[in-house]
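Architecture at a glance
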Amino acid sequence: MPPAWRAQGHPGYPPGTRGALRLGAERTTTAVTRLVTFIRIDLCPRPGIAGMDRMAAIDLLLKRNAELKDAVRGDRSSPRPSLHVAILTCMDARIRVFELFGLLQGESHVLRNAGGVVTDDMIRSLALSQRKLGTKEVLIVQHTECGLNAVTEDSFKDELEADTGIRPPWAVEAFRDVHDNVRQSIRRVRTSQYLPHTDVVRGFVYDVRTGQLTEVS
Ligand SMILES: [Zn+2]
């Protein structure tokens, strides 16, 4: 939290953003709804899981959606992230990116792919994020025990080719050292000719066992 916010006794969100929970009943309701949803979905035992053998995952999710129908509201605010930041991270199911940063809906773009690596498609999303939706900072979070650490470029391409007869033209983006991989992703953002804002690009490693973030210098 920036010192100025801390000095104001602010709860951790910049003044004037949707994160300021006291700004209105509607926003408070949204926050409470998120909390209730979080508790119901993430913290409580999941009776639906027991039924997974006979219920497809999407059916289970639709059942939950039907149960939450009154609690989940649309959002009429601007599509421009209020914190003007894009967070890039891995699709790994253990990374609780919203909880990790105390993020509220509407504050950030969250771009996820396998590894949280900066690929051409990530640059495509970032170009739109910066040029059309006003983000200016890039936060990259990769993590320990990533699946891309467990394969090599050739082993996975060999596997796909053996199975399908076609060798994929895209890079798997497998890596050995997650810190080096974060540095490479930072470099790719900083050197992209398509991005107007490359001054504030910071990368971190998230330890999936402890939940700790470590900045990569
Ligand atoms: Zn991963």
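Everything numeric in this text was worked out from a predicted model, so none of it was measured.

Re the overall build of the protein chain
The secondary structure content of the protein chain amounts to eight helices and five strands. Scanning the protein chain from its N terminus toward the C terminus, one meets helices and strands in the order α-α-α-α-β-α-β-α-β-α-α-β-β. The burial tally for the protein chain puts 19% of its 217 residues in the buried class. For the protein chain, the share of sequence-separated contacts (at least 6 apart) that also reach a separation of at least 24 residues comes to 64%.

Remarks on the sheet that holds strand β4 (residues 200-206)
Strand order in the open sheet made by the five strands is β2-β1-β3-β4-β5, with mixed pairing throughout. Of all the strands in the sheet, just β2 (108-113) and β5 (213-216) have a single pairing partner and so form its edges. Pairs of neighbouring strands in the sheet enclose a mean axial angle of 25°, with direction left out of account. Bridge count for strand β3 (residues 137-143) against β4 is seven bridges, and the pairing is parallel. By the bridge assignment, Glu 137 is partnered in β4 with Val 200. Along the sheet, helix α6 (residues 120-133) contacts β1 (85-90), β2 and β3; its crossing angle with β2, the most-contacted strand, is approximately 170°.

Quick notes on helix α7 (residues 153-164)
Compared with an ideal rise of 1.5 Å per residue, which puts twelve residues at 16 Å, α7 spans 17 Å between its outermost C-alpha atoms and is within 8% of the ideal. The buried fraction of α7 amounts to zero of the twelve residues, a small share that puts the element mostly on the outside. Two residues or fewer past α7, Gly 165 is found with a positive phi of approximately 85°.

Looking at unusual backbone geometry
The phi dihedral of His 84 is positive, around 55°, even though this residue is not glycine. Looking at the secondary structure, you find His 84 in the loop between α4 (57-68) and β1. The exposure class of His 84 is partly exposed, given the 19 C-beta atoms found within 10 Å. Phi is positive for Glu 145, which is not a glycine, with a value near 60°. Checked against the element boundaries, Glu 145 lands in the loop between β3 and α7. Under the C-beta neighbour-count criterion, Glu 145 is labelled exposed, with 12 such atoms within 10 Å.

Description of helix α8 (residues 178-190)
Every α-helix winds through 3.6 residues per turn, so residues three or four apart in the chain are directed the same way. With 13 residues, α8 ought to run about 18 Å at 1.5 Å a step, and its terminal C-alpha atoms sit 18 Å apart, in line with that. Considered for burial, the residues of α8 that qualify are Val 178, Asn 181, Val 182, Ser 185 and Val 189. Looking straight down α8, one finds its buried side chains confined to an arc of 105°; they lie on one side. On the buried face of α8, the contacting elements are α6, β3, β4 and β5.

Overview of the nonpolar core
With 22 residues, the main nonpolar core has Leu 88 and Val 138 as its most contacted residues. Breaking this core down by element, the ones donating at least two residues are β1, α6, β3, α8 and β4. Per element, the largest residue contribution to this core is four residues, and it comes from β1. Filtering out sequence-adjacent residues up to four positions away, Val 138 remains in contact with Ala 86, Leu 88, Leu 126, Val 189 and Val 201.

Remarks on the confidence of the model for the protein chain
For the protein chain, per-residue confidence averages 83 on the pLDDT scale, and residues scoring 70 or more make up 76% of the total. Note on residues 1-32: pLDDT under 50 across the span, and 26 contacts to partners over four residues away in sequence or across chains. Below pLDDT 50 for its whole length, residues 35-48 participates in eight contacts with residues either more than four positions away or in separate chains.

What about the pairing of β1?
With respect to burial, β1 is a largely interior element, five of its six residues being buried. Pairing of β1 with β2, which is carried by six bridges, proceeds in the parallel orientation. Across the sheet, residue Leu 88 finds its bridge partner in β2, namely Leu 111. In the sheet, β1 pairs with β3 via five bridges, with the strands oriented parallel. In the sheet register, Leu 88 faces β3, and the bridge partner there is Ile 140.

Cut-off values and rules
Residues numbered from 1 in each chain as written. Predicted model: local features only at pLDDT ≥ 70, side-chain atom pairs only at ≥ 80, totals over all residues. Helix = DSSP H or I, 4+ residues; strand = E, 2+ residues; numbered from the N terminus. Buried ≥ 20, exposed ≤ 12 C-beta atoms within 10 Å, placed from the backbone. Contact = placed C-beta atoms within 7 Å. Pairing = 2+ DSSP bridges. Axes fitted to C-alpha atoms, helices over the stretch in contact; angles between N-to-C directions. Expected span 1.5 Å × (residues − 1). Arc of directions from axis to C-beta. Core = buried A, V, L, I, M, F, W, Y, C linked by C-beta atoms within 7 Å. pLDDT = per-residue confidence, 0-100.

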